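# Structure at a glance
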Amino acid sequence: MTEVLNEMPKAYEPGKVEQKWYQFWLEKGYFKPEIGPEKKPFVIIMPPPNVTGELHVGHALTATLEDIMTRWHRMKGDPTLWLPGIDHAGIAGQVVVEQLLAKEGTSRHQLGREKFIERMWQWAKQCRQTIAGQHQRLGISCDWNREVFTLDEGPSRAVRTAFVRLYDKGLIYKGERIINWCPRCATALSDLETDHKEIAGHLWYVRYPLAEDDGFITVATTRPETILGDTAVAVNPQDERFKAMVGKKVVLPAVSRLIPIVADEAVDPSFGTGAVKITPAHDPVDFEVAQRQKLPLINILNPDATMNEAAGPYIGLDRFACREAILADLEKDGLLIKIEPYVHSVGHCQRCQTVIEPIASKQWFIKTQPLVQPAIKAVLDGRVTIIPQRFIKVYLNWMENIRDWCISRQLWWGHRIPVWYCPDCNQLTVAVEPPQICSHCGLTKIEQDPDVLDTWFSSALWPHSTLGWPDDTESLRYFYPTTVMETGYDILFFWVARMIMMGLEDTGDIPFHTVYLHGLIRDEKGEKMSKIRGNVLNPIDTLEKYGTDALRFALSTGTSPGNDIKLTPTKLEAGRNFANKLWNATRFVVRSIESNGIDMQIQQSLLPVEDRWILSRFNRTISTVTSLMEDFQFGEAQRQIHDFLWGEFCDWYVELTKIRLRSTVKEVLSPIAVLVHVLETSLRLLHPFMPFITEELWQNLKSRLPSDWRAGESIMVAVYPEADANAINPEAEQVMESVIEIIRSIRNIRAQYKVESARWTEAQIYGGKLTPAITPYSQAIQALARVKPVTFLNSRYQGQPNENILVLELKETQLVIMMGSTIDLEAEKKRLQKEIEQSQAEVARLAARLKDEAFLTKAPATVVDKTRQKFYTLTDKIKRLKQQILEL
Ligand SMILES: [Zn+2]
Ligand SMILES: [Zn+2]
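Bear in mind the structure is a predicted one, so any value in this text is a computation, not a measurement.

### Things to note about the overall build of the protein
- Secondary structure assignment for the protein yields 27 helices and 29 strands.
- Here the protein has a C-alpha radius of gyration of 37 Å; the compact-globule value for 888 residues is 29 Å, and the former is much larger.
- Once the C-alpha set of the protein is aligned to its principal axes, its extents read approximately 120 × 70 × 55 Å.
- The buried share of the protein, taken over its 888 residues, is 54%.
- Pairs at least 24 apart in sequence give 77% of the contacts found in the protein among residues at least 6 apart.
- When the accessible surface of the protein is split by element, carbon and sulfur atoms take 51% of a total near 40200 Å².
- Mean positive and mean negative side-chain charge positions of the protein (104 and 112 charges, respectively) differ by 6 Å.

### What about the sheet that holds strand E13 (residues 336-349)?
- One open sheet holds the three strands; their spatial order is E8-E7-E13, and the pairing between them is antiparallel. Two strands close off the open sheet at either side, each with one partner strand: strand E8 (216-221) and E13. Taking each pair of neighbouring strands and ignoring which way they run, the sheet shows an average axis angle of 20°.
- By the bridge criterion, 13 bridges tie strand E7 (residues 194-209) to E13 in an arrangement that is antiparallel. Residue His202 lies in a different strand from E13, and its bridge partner there is Pro341.

### Comments concerning the pattern of salt bridges
- If you walk through the whole model with that rule in mind, you get 46 salt bridges.
- Here Glu505 ties to Lys169 by a salt bridge, and the two come within 2.7 Å at their closest N and O atoms. Here Glu505 is found in helix H14 (residues 492-507), whereas its partner Lys169 is found in the loop between helix H6 (153-168) and strand E5 (172-182), with 336 residues between them in sequence.
- Classification of Glu505 by relative accessible area gives buried; the value is 17%.
- Its salt-bridge partner being Glu636, residue Arg639 comes within 2.8 Å of it at the nearest N-O pair. Highlighted residues: Arg639 and Glu636, both in helix H19 (residues 634-662), separated by three residues, approximately one helical turn.
- You can call Arg639 partly exposed: its relative accessible area is 38%.
- Residue classification places Glu636 among the partly exposed residues on the basis of a relative accessible area of 27%.

### Some thoughts on the coordination of the zinc ion (ligand 2)
- Protein-derived ligands of the zinc ion (ligand 2) are Cys422 (SG), Cys425 (SG), Cys438 (SG) and Cys441 (SG), with the metal-ligand distances lying across 2.2 to 2.3 Å.
- The sequence pattern formed by the donor residues of the zinc ion (ligand 2) is C-x2-C-x12-C-x2-C. With a gap of 16 residues between them, Cys425 in the loop between strand E18 (419-421) and strand E19 (428-430) and Cys441 in the loop between E19 and strand E20 (447-448) connect regions that are remote in the sequence.
- What makes Cys425 partly exposed here is its relative accessible area of 28%.
- By relative accessible area, Cys441 is classed as partly exposed at 40%.

### Topic: the coordination of the zinc ion (ligand 1)
- The protein atoms donating to the zinc ion (ligand 1) are Cys182 (SG), Cys185 (SG), Cys349 (SG) and Cys352 (SG), with metal-donor distances spanning 2.2 to 2.4 Å.
- Each of the four donor atoms around the zinc ion (ligand 1) contributes to a set of angles spanning 103 to 117°, which defines the coordination as tetrahedral.
- Between consecutive donors of the zinc ion (ligand 1), the numbers of intervening residues give the motif C-x2-C-x163-C-x2-C.
- For Cys349, a relative accessible area of 0% gives the class buried.

### Some details on the environment of Ser682
- Structurally, Ser682 can be placed in helix H20 (residues 672-686).
- Distance from Ser682 to Thr621, taken between C-alpha atoms, is 9.6 Å for residues 61 residues apart in sequence.

### Thoughts on the packing of helix H17 (residues 569-596) against H19
- Running from N to C, H17 and H19 point in directions that differ by 30°, and their axes come no closer than 11 Å. Relative to H19, H17 is oriented roughly parallel. Here H17 runs over H19; the crossing is left-handed. For the pair H17 and H19, contact is made by Asn577, Phe578, Lys581, Leu582, Ala585, Phe588, Ser592 and Asn596 and by His642, Leu645, Trp646, Cys650, Asp651, Val654, Thr657, Lys658 and Leu661, respectively.
- Per-class residue counts for the contact of H17 with H19 are nine nonpolar, five polar and three charged.

### Quick word on helix H24 (residues 778-785)
- Most of H24 is tucked away: six of the eight residues are buried.
- Arg786 sits one or two residues past H24 and shows a positive phi near 55°.

### Observations regarding unusual backbone geometry
- Here the amide bond leading from Trp469 into Pro470 is cis, since omega sits at 10°, within 30 degrees of zero.
- In this structure, Pro470 sits in the loop between helix H12 (462-465) and helix H13 (474-479).
- Here Ala186, not a glycine, exhibits a phi torsion of approximately 50°, which is positive.
- Relative to the assigned elements, Ala186 resides in the loop between E5 and strand E6 (187-189).
- Non-glycine residue Gln353 carries a positive phi angle of around 65°.
- Take Gln353: it is sitting in the loop between E13 and strand E14 (357-366).
- Residue classification places Gln353 among the partly exposed residues on the basis of a relative accessible area of 34%.

The rules behind the values
Residues numbered from 1 in each chain as written. Chains lettered and ligands numbered in written order. Predicted model: local features only at pLDDT ≥ 70, side-chain atom pairs only at ≥ 80, totals over all residues. Heavy atoms only, no water. Helix = DSSP H or I, 4+ residues; strand = E, 2+ residues; numbered from the N terminus. Rg over C-alpha atoms; globule rule 2.2 N^0.38 Å. Buried < 20%, exposed > 50% of the residue type's maximum accessible area, 1.4 Å probe, protein only. Contact = heavy atoms within 4.5 Å. Areas by Shrake-Rupley, 256 points an atom, 1.4 Å probe, with all protein chains shown as cover. Lys, Arg positive; Asp, Glu negative; His and termini not counted. Charge placed at Lys NZ, Arg CZ, Asp CG, Glu CD. Pairing = 2+ DSSP bridges. Axes fitted to C-alpha atoms, helices over the stretch in contact; angles between N-to-C directions. Salt bridge = Lys/Arg side-chain N within 4 Å of Asp/Glu carboxyl O. Donors = N, O, S within 2.8 Å, 3.2 Å for Na, K, Ca; no water. Tetrahedral: all angles 85-135°; square planar, octahedral: opposite > 155°, others 65-115°. Parallel < 35°, antiparallel > 145°, perpendicular 65-115°, else oblique. Left-handed = near helix turned anticlockwise from the far one by under 90°. Nonpolar A, V, L, I, M, F, W, Y, C, P; charged D, E, K, R; others polar.

Right, here's the structure in full:
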């Protein structure tokens, strides 16, 4: 294949290559798993982001971590499936579109259910495109052919099937319970969808007059409007103060209804006056008291939290207006005897921040107890591993205290409950496919339950429903149980716990082997990112500014299971700088190949110490990185790769090879084969973290390598590096560590003493047993530490250190720096002048060749290119040498 090699641009411009490579990967079909029946697949089902709007940095973190795992396993040769999806988001989705409708001056009720659902689908389609586009910008390698939406036919049928199965087993029932009601969203909410906030409120003390006798019983309340729904006053049976009153009746203020005084263990004698009002339809504790005491339930609220007909004279008032009205009336009647400030916890709707009302309501519930036991067992016996381990306790604790799960929502957007009511025989028909007739009496006029299921019901089925369940599909057989469920620790209960319960219930098997929980993203100050704080980073703006790889680098920096991370401009800049550093190093290697040619044969026996050292360090890095990746320590793995590439490869090895490449001594072995080997393999090691730049650099490198060098057509399907234990060489490491330590120490001293860079320092080194190994690095030490001359001592320096002579005891060596020394300026100038003359002669020769028409037309393009390169390199060199003379 002949290919015109474009020169690598001076700087990395992510915007110019990212799109190109993503399209290339897509077209090549690399994201599709290659199914090998005999091989164990690696499978991640993406926790589907909500269809509401756009991705935030939390999604970017999820995507980055999952892509790291996916790319890594794919390169290791595992059949790899990462299945993407989108969640319809139930209440959150409906709220967004309702807000849009409100802006247009209409509402879902004006539109009607059918039109509203149509509108939801339209909006969801747009959002799905946006989200998929954003995900692609992040470079993620999931199998887009398998993308699923929770409301697609497959997952929807799975939802109905799971419902019917649970119902048939008696694990789903309809019952009256206290639920969290959001008056704005007009739906039931789970406890997890309710934010509890400490509110500075009041405790009002109200007298309830006794019906038959003179006197009162006083109760305290934080919600006086609920007086209208009281059906009893309760006291503790042990409370001597009230013993005589139990069984008597009181007149309920404001509505003059007679209610009994009852005795119940649940009453805390130390709260308020020791007597409490019982409002069973609007308080979970009171609801239970009412069950025990056989008290009636009186619901006083309409769904929009205005007062209903049970509120008597207050009918139609909003709940808070009603509170004011009742307080005024109580005051007037002399029944309000005390007001205390009182801080208490008040539930708010997580979606719209409206104050929640606890309301007794008929809802559908799942009996969780029978599902909990197998889910607890799966974690306890280690079939499901939770990382980090400390969350096992959190999981078990939640599971052990779980209540029945309210799964019905009074929404229109979602999976409609597959239950039909018969007005004739009052029986229910529960079916996967919409029935034509009542299954009991055959009536055709049956009506479906208007409610939809909690979004988390469909989420709970996600690992198996996305793979084809309830059908016995090839995908389900091959990919289930999946490998890793990667998600934020904040949705352990929403997601993970329910998936384990339902996976086991529906398929008899666990949904995944490992749960990896990542932390939350915080800003520089450690604050959670939120729109209210205004510290939110939009991932797309960020990747446009810094490049996708820099964003991914910043997100994986310091990441470890379960711990929050800070996403800071410093980390983003570090990511960008790292990309630039790699770019420059690769550009140097590419140019070196172009001007020197390449022989990829690495002759082990001839390698100088620095080559053995870099190969040794590199293989150690590969080995460490591999075990860190296996241990889910992606942040630390990334740091190891970064530190090796930046700290050892770029800063030291590349600099040392520059000296070798400049050398005119024939015997010096070309470093290019090792340079290329380490760079190419490192790019593969880094690829899962920074996919775009590694592909771009790898392709640039590959195109300069001999055609028989078989590397495949993309880095993302090249093999992941494996450590070669034979390359580990402690002797070479010891020598090079000493050389580096010497150079570093001299540099530090020069910096400390503010020695101008043009001035040279003299140094003496005592290397002990390392002397023979270090001596060949005298030129490197000179060049990299700006010392001249460097002499090696046969024995330790014994003289007294003073302000001009610094003696440093290093790990293996002793370093003596002569601060007072200067070099012979005249001799140095002469040497430089001579070098300039030699170079100028060569430049003239090259210039003549490049003017020669015959040469330009007949010689192969690569030879002409090489000549031109050499011409520029030498011209540069002359400029530099002239500058050096000036500096002297
Ligand atoms: Zn709400
Ligand atoms: Zn019927």
